[in-house]
Amino acid sequence: MLDIAEELHRWARQGRDFAVATVVAADGSAPRQPGAALAVDADGTAVGSVSGGCVEGAVYELCQEALRTGEPALERFGYRDEDAFAVGLTCGGTIDVLVTPVRCGGGPAAGGAVPAADRTAGTLTAALAAAARGETAAVARIVRGPAGFLGRALLVRADGGHSGTLGGPPALDATAVEEARALLDAGRTATVEIGADGAQCGEPVVLLVETSVPAPRMIVFGAIDFAAALAKVAKFLGYHVTVCDARPVFATRSRFPDADEIVVDWPHRYLDSQELDARTVLCVLTHDAKFDVPLLVRALRLPVAYVGAMGSRRTHLDRLDRLREAGLGERELHRLRSPIGLDLGARTPEETALSIAAEIVADRRGGTGTPLTGAHTPIHHDPARRAGRIGSVA
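All values derive from a computational prediction rather than experimental measurement.

A few points about the packing of helix α8 (residues 289–299) against helix α9 (residues 313–325)
Here's step 1: Axis separation between α8 and α9 bottoms out at 10 Å; the angle between their running directions is 55 degrees. In terms of their interaxial angle, α8 and α9 are classed as oblique. Relative to α9, α8 is oriented so that their crossing is right-handed. When α8 is examined against α9, the residues Ala-289, Asp-292, Val-293, Leu-296 and Val-297 are found in contact with a partner set consisting of Arg-319, Arg-322 and Leu-323.

Describing the confidence of the model for the protein
Here's step 1: When pLDDT is averaged across the protein, the result is 85; 86% of the residues are at 70 or more.
Here's step 2: Within the protein, the element-level pLDDT minimum falls on strand β17 (residues 392–393), averaging 38, and the maximum on strand β14 (residues 281–284), averaging 98.
Here's step 3: Every residue in residues 81–86 is under pLDDT 50, and counting partners more than four places away or in other chains gives nine contacts.
Here's step 4: Here residues 107–114 scores under 50 on pLDDT; set against residues more than four positions off or in separate chains, the count is two contacts.

Re the sheet that holds strand β16 (residues 336–337)
Here's step 1: The sheet built from six strands is open, its strands ordered β13-β12-β11-β14-β15-β16 with parallel pairing. A strand with exactly one partner marks an edge of an open sheet, and here the two such strands are β13 (261–264) and β16.
Here's step 2: Across the sheet, helix α11 (residues 349–365) lies against β11 (217–221), β14, β15 (306–309) and β16, angled at about 155 degrees from β15, the strand it touches most.

Concerning the environment of Gly-160
Here's step 1: Within the secondary structure, Gly-160 sits in the loop between β7 (153–157) and β8 (162–164).
Here's step 2: Given the relative accessible area of 16%, Gly-160 is considered buried.

Side note on the nonpolar core
Here's step 1: Core analysis: the biggest nonpolar cluster contains 23 residues, and Met-218, Val-220, Leu-230, Cys-283, Leu-285, Ile-356 and Ile-360 have the highest contact counts within it.
Here's step 2: By residue number, the principal contributor to this core is helix α6 (residues 225–236), which donates five residues.
Here's step 3: Apart from residues no more than four positions distant in its own chain, Val-220 is found in contact with Ala-227, Leu-230, Val-241, Thr-242, Val-243, Cys-244, Cys-283 and Leu-285.

A closer look at the sheet that holds strand β2 (residues 37–41)
Here's step 1: One open sheet holds the five strands; their spatial order is β3-β2-β1-β5-β4, and the pairing between them is antiparallel. Each edge of the sheet is formed by a strand with only one pairing partner; in this case those strands are β3 (46–48) and β4 (73–78). Looking at each pair of strands side by side, their axes are set apart by 20 degrees on average, direction ignored.
Here's step 2: Relative to β3, β2 runs antiparallel, the two being bridged by three bridges. Residue pairing in the sheet places Val-40 in a bridge with Ala-46 of β3.
Here's step 3: This element, helix α2 (residues 56–69), spans β1 (18–27), β2, β3, β4 and β5 (94–102) of the sheet and lies at about 50 degrees to β2.

Conventions and cut-offs
Residues numbered from 1 in each chain as written. Predicted model: local features only at pLDDT ≥ 70, side-chain atom pairs only at ≥ 80, totals over all residues. Heavy atoms only, no water. Axes fitted to C-alpha atoms, helices over the stretch in contact; angles between N-to-C directions. Helix = DSSP H or I, 4+ residues; strand = E, 2+ residues; numbered from the N terminus. Parallel < 35°, antiparallel > 145°, perpendicular 65-115°, else oblique. Left-handed = near helix turned anticlockwise from the far one by under 90°. Contact = heavy atoms within 4.5 Å. pLDDT = per-residue confidence, 0-100. Pairing = 2+ DSSP bridges. Buried < 20%, exposed > 50% of the residue type's maximum accessible area, 1.4 Å probe, protein only. Core = buried A, V, L, I, M, F, W, Y, C linked by side-chain atoms within 4.5 Å.

Rendered as structure tokens:
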């Protein structure tokens, strides 16, 4: 839902009622993962996607029904599940979709009471506003639990504060806030099961926790034509892109129109000035030892997601020798992706940018980079699940 927050926030500000359908669980070859959303307003306008096409029509109708009834609903779409909704996923996977009506145009209820549905709508619109502003926030929604609890929401902010309520005992909200903070720190969206003891409402509760965090950073060192192509691809993938080069004649806005920032500084000095997180990607395209070596000595000691360096295999071997002389160990050197990118046979700057981006995506998602044709590897990887990060709370 937070992926389409900008448009939904605009709808909310205009007082347009809408229903939002969110994938809350996915299995098999499901095309979209938890958090993917489709929203439909009262006029029938739609934005987003939950399946890449196979069940969009059926979900659209569910959203219209939720707008009519004002009630949330949970439906399963699957190819082999006899209890699934009538329309199935042609890919063979299954997805569970939570549909929540969001009332934006009406006034308060008579008698001053705020119905649970309106409290939920208020929490969701606050979450959408935060995400649209680029703020760090998480929204936790009940996707399974006691009768009448479906869809209830709680918003957790970066400073630890929260608003809204799941409507159960205080312990349920407290546990949900703790789980949301943990996922917010990791910048991840996931489902969390709270056991009956932790929920203190008689039965387990399953939450979908969606997080909105600032875009991950890509810093491209080296103001060359390959960097301009990479900046364009990186923006398409949702990165905040910085291009850094010590030469002002090359590091110009006219040469890098797609970059968010252009910095004229020595690469290693600029890197020293930055606070980076575990999602940051560093691409070293200078292939000049006086820039590369001091930069990579620092980069390979940082807890970032990816460090890649451009150059031929001969350049790579020479660079490794220089880095060893500078004090890097084999474990640190093993993190370096060089020559940068996957083997696509790329020659042009655009093809090379695609090769680099493909390696970054494969590294992030746990892919192998091998052709899917004839392979027996999964189409959709889940590195977080393999790492055991999605757990439950007793």
